[in-house]
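Each chain is listed here by its residues.
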Amino acid sequence: MSDTPANPSASAEPLKNMPASMPDAGPDPSLEAAADRNNAVQPPSVTAGSPPAAEPQKMDALSELLISRKYITAEAMTAAMAKAKTMPKGNAIQILLAEGTLKKQDYETLRADVQSRQGQNLRIPGYEIMGFLGAGAMASVFKGRQQSLDRVVAIKVLPQKYSEDLEFVRRFAAEGKIAAKLNHPNIVQAYDEGIAGNQHFFVMEYIDGTTVHDVINQHGVYTEQEVLKIAILIADALAHAHHMGLIHRDVKPKNIMLTSRGVPKLADMGLAMLNSGPGEEEKGKIYGTPAYLAPEQAKPDVVLDSRADIYSFGATIYHMVIGHVPFPASTAVEMIQKHLNQEVESPHKANPNISTGLSDIIEVCMAKSPSARYASAEDLVADLKAVQNGGAPTIARRGFSIESIAAIDAPEGMVAPPKAAPPTIEEEAAAFFKAQAMQPKPLHRQKLFWWTVVGWGLAVLMMLVAIAK
Ligand SMILES: Nc1ncnc2c1ncn2[C@@H]1O[C@H](COP(=O)(O)OP(=O)(O)OP(=O)(O)O)[C@@H](O)[C@H]1O
Ligand SMILES: [Mg+2]
């Protein structure tokens, strides 16, 4: 680790229920709202399930969660809290429930969610719940034991509301099946998925370690050699997933886990859909995390391919060596606008300890147009290895050819014709003589030719007649 302090961005949370429309300029109010919702969510550290009046001091965290999940507005909560102060044993939540401002159903749903985050009431047949590992913006992860094989596993549990959405459940199961087919030493292995009671769960390899995100926060930026070691393995993991037809869609430092022996593993393969939420169609939905989002991921009608992961991985490497996300911003919308419209600062300029080779690799990964990025994760691995061995990233530098620059300006799906190099003098001369040779002969010369033929023909005829006489 280097001493350079980490500067993690505040907007590195995943998108959830984000509307599809993503204007090229100017924030969309609905997107702004979704982004605010997105920024606000933090894993709660409260014990829920108790009657509100019994634990007033713990209601604050739950209140925050109610606000961040948009069950109530901050204004309504503030007003209820002020009112509660004027009442003996007054409790803001009870007031809101009594008023009808907060629906009992919503409150119960949230309370159940918080309970599930802590493993209370969680019963999954075949698994013993051993403890709580952590919570992301959308799900909770528990340590468990798979009883049949007597092995320790990690179990990701979704909030109840997901299980009510049949389309979501279908896709969750389908992606889980693909993820389970992946077999790579640097991918967190998927084991099982299912539904217990009314909660969907996903069982995976347990990683006794940390995440790249936590390492950056605790120790600062990675050195070039440290980053290259991790990046080569994770890029290889991505290549494997892409070959199997799976796009991650949420590559980021939080999803690169590190075992206690320092082996990096890509997590949440096939789970990017979790970051959207139930109740929406696949089409027109944005998956991913704003801080690392490929520009095309913000465009609802673009069909994503593996190059979206290459972009997010470039943004991840950027964060690892620079200490902050490529486009720091105070809102997710602003961040996405920058991914769409602003060129990333050269990593070598931002941190001169980074070689121009690695810097070029990051920039090619993060090209706005997918056609200007690495065509595959294998190409990325090749360049990363070249730099690790003290060489130059040949594919990245080839990437800046006239053809690829022309392709950047071409609309997506249209490849611009390669620009021809100017002709040499020899070529020009050859072309001139060829053109001369192709010129039609002047009419009078053609006529002269035919009169000559006729003349010679008549002469021969007359000679033959004379001889015959
Ligand atoms: N396979 C695993 N083994 C051990 N711990 C895990 C595993 N997967 C996740 N965790 C822990 O659970 C926490 C939550 O993970 P989760 O994937 O839900 O969210 P995240 O990726 O950290 O954040 P976000 O919701 O922003 O994507 C992680 O911080 C990690 O500590
Ligand atoms: Mg994760």
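None of the values given here were measured: they were computed from a predicted structure.

## A few points about the pairing of strand β3 (residues 151–157)
The side chains of a regular strand alternate, residue by residue, between the two faces of the sheet.
Consideration 1: In terms of residue burial, β3 counts as a mostly covered element, since five of its seven residues are buried.
Consideration 2: Inspection of the sheet shows β3 paired to strand β5 (residues 199–205) by five bridges, in the antiparallel sense. What sits directly across from Val157, in β5, is Phe201.

## Examining the site of ligand 1
Consideration 1: Taken together, 21 residues sit near ligand 1, with Gly134, Gly136, Val141, Ala154 and Ile207 positioned nearest.
Consideration 2: Listed by contribution, the elements that provide at least two residues to the shell around ligand 1 are β1 (127–135) and β5.
Consideration 3: The biggest single contributor to the shell around ligand 1 is β1, with three residues.
Consideration 4: Looking at the shell around ligand 1 residue by residue, the class counts come to 13 nonpolar, four polar and four charged.
Consideration 5: Residue assignment places the shell around ligand 1 across two domains, with domain 2 (127–205) and domain 3 (211–409) each supplying three or more.

## Focus: unusual backbone geometry
Consideration 1: Positive phi, normally seen in glycine, also occurs at Asp150, with a value near 50°.
Consideration 2: Unlike most non-glycine residues, Asp268 shows phi in positive territory, near 65°.
Consideration 3: If you trace the backbone, Asp268 turns up in the loop between β8 (264–266) and α10 (307–322).

## Quick notes on helix α13 (residues 356–365)
Consideration 1: Among the ten residues of α13, nine are classified as buried, and the element is accordingly described as predominantly covered.
Consideration 2: Within the sequence span of α13, burial applies to Gly357, Leu358, Ser359, Asp360, Ile361, Ile362, Glu363, Val364 and Cys365.
Consideration 3: Looking at the packing, one finds that the buried side of α13 touches α9 (224–243), α10, α12 (347–350), α14 (377–388) and α15 (394–398).

## Some remarks on the sheet that holds β8
Consideration 1: In space, the three strands of this open sheet follow the order β6-β7-β8, with antiparallel pairing throughout. Each end of this open sheet is capped by a strand with a single partner; those strands are β6 (209–211) and β8. Averaged over all adjacent pairs, the angle separating strand axes in this sheet is 30°, with direction ignored.
Consideration 2: As paired strands, β6 and strand β7 (residues 256–259) are joined by three bridges and run antiparallel to one another. Among the inter-strand pairings, Gly209 is bridged to a residue of β7, identified as Thr259.
Consideration 3: On the sheet, helix α8 (residues 212–219) packs against β6 and β7 and is oriented at approximately 85° with respect to β6.
Consideration 4: Strand contacts of α9: β7 and β8, with the helix running at about 30° to β8, the strand carrying the most contacts.

## A closer look at the confidence of the model for the protein chain
Consideration 1: Per-residue confidence for the protein chain gives a mean pLDDT of 76; residues scoring 70 or more make up 70%.
Consideration 2: Below pLDDT 50 for its whole length, residues 3–10 participates in 21 contacts with residues either more than four positions away or in separate chains.
Consideration 3: Throughout residues 16–59 the model reports pLDDT below 50, and contacts reaching past four residues in sequence, or to other chains, amount to 85 contacts.

## Some points on the packing of α13 against α14
Consideration 1: Contact geometry of α13 with α14 gives a least axis separation of 9 Å together with a crossing angle of 165°. With respect to each other, α13 and α14 are oriented roughly antiparallel. In this structure, α13 meets α14 at a crossing whose hand is left-handed. Residues Gly357, Leu358, Ile361 and Cys365 of α13 lie in contact with α14, whose contacting residues are Leu380, Asp383, Leu384 and Val387.
Consideration 2: Within the contact of α13 with α14, the residues separate by chemical class into six nonpolar, one polar and one charged.

## Looking at the environment of Tyr162
Consideration 1: With respect to the secondary-structure elements, Tyr162 resides in helix α6 (residues 160–163).
Consideration 2: A C-alpha to C-alpha distance of 9.0 Å links Tyr162 and Asn198, two positions 36 residues apart in sequence.

## Brief notes about the packing of helix α3 (residues 74–85) against helix α4 (residues 92–99)
Consideration 1: Contact pair α3 / α4: the axes reach a minimum separation of 8 Å and the direction vectors enclose 110°. In terms of orientation, α3 and α4 fall into the roughly perpendicular class. Read as a crossing pair, α3 and α4 show a hand that is right-handed. For the pair α3 and α4, contact is made by Ala76, Met77, Ala80, Met81, Lys83 and Ala84 and by Ala92, Ile95 and Leu96, respectively.

## What about the sheet that holds strand β4 (residues 190–196)?
Consideration 1: The strand order β1-β2-β3-β5-β4 describes an open sheet built from five strands, whose pairing is antiparallel. Since the sheet does not close on itself, it has two edges, and those belong to β1 and β4, each with one partner. Neighbour-to-neighbour, the strand axes of this sheet turn through a mean angle of 30°, independent of strand direction.
Consideration 2: As judged from the six bridges shared by β4 and β5, these two strands associate in the antiparallel manner. Looking at the pairing, Asp192 lines up with Val203 of β5.
Consideration 3: Packing of helix α7 (residues 166–181) onto the sheet brings it into contact with β4 and β5, and relative to β4 it is tilted by some 160°.

## Structural notes on the nonpolar core
Consideration 1: Core analysis: the biggest nonpolar cluster contains 86 residues, and Ile155, Ala231, Ile234, Ala235, Val321, Cys365 and Leu384 have the highest contact counts within it.
Consideration 2: Split by domain, the residues of this core number at least three in each of domain 2 (127–205) and domain 3 (211–409).
Consideration 3: Sequence-distant contacts of Cys365, defined by excluding residues within four places in its chain, comprise Ile310, Tyr311, Phe313, Gly314, Arg373, Tyr374 and Leu380.
Consideration 4: Listed in part, the 15 residues of the second largest apolar core include Leu66, Ile72, Ile93 and Ile95.

Calculation notes
Residues numbered from 1 in each chain as written. Chains lettered and ligands numbered in written order. Predicted model: local features only at pLDDT ≥ 70, side-chain atom pairs only at ≥ 80, totals over all residues. Buried ≥ 20, exposed ≤ 12 C-beta atoms within 10 Å, placed from the backbone. Helix = DSSP H or I, 4+ residues; strand = E, 2+ residues; numbered from the N terminus. Pairing = 2+ DSSP bridges. Near = placed C-beta within 6 Å. Nonpolar A, V, L, I, M, F, W, Y, C, P; charged D, E, K, R; others polar. Domains from an automatic or database assignment. Contact = placed C-beta atoms within 7 Å. Axes fitted to C-alpha atoms, helices over the stretch in contact; angles between N-to-C directions. pLDDT = per-residue confidence, 0-100. Parallel < 35°, antiparallel > 145°, perpendicular 65-115°, else oblique. Left-handed = near helix turned anticlockwise from the far one by under 90°. Core = buried A, V, L, I, M, F, W, Y, C linked by C-beta atoms within 7 Å.

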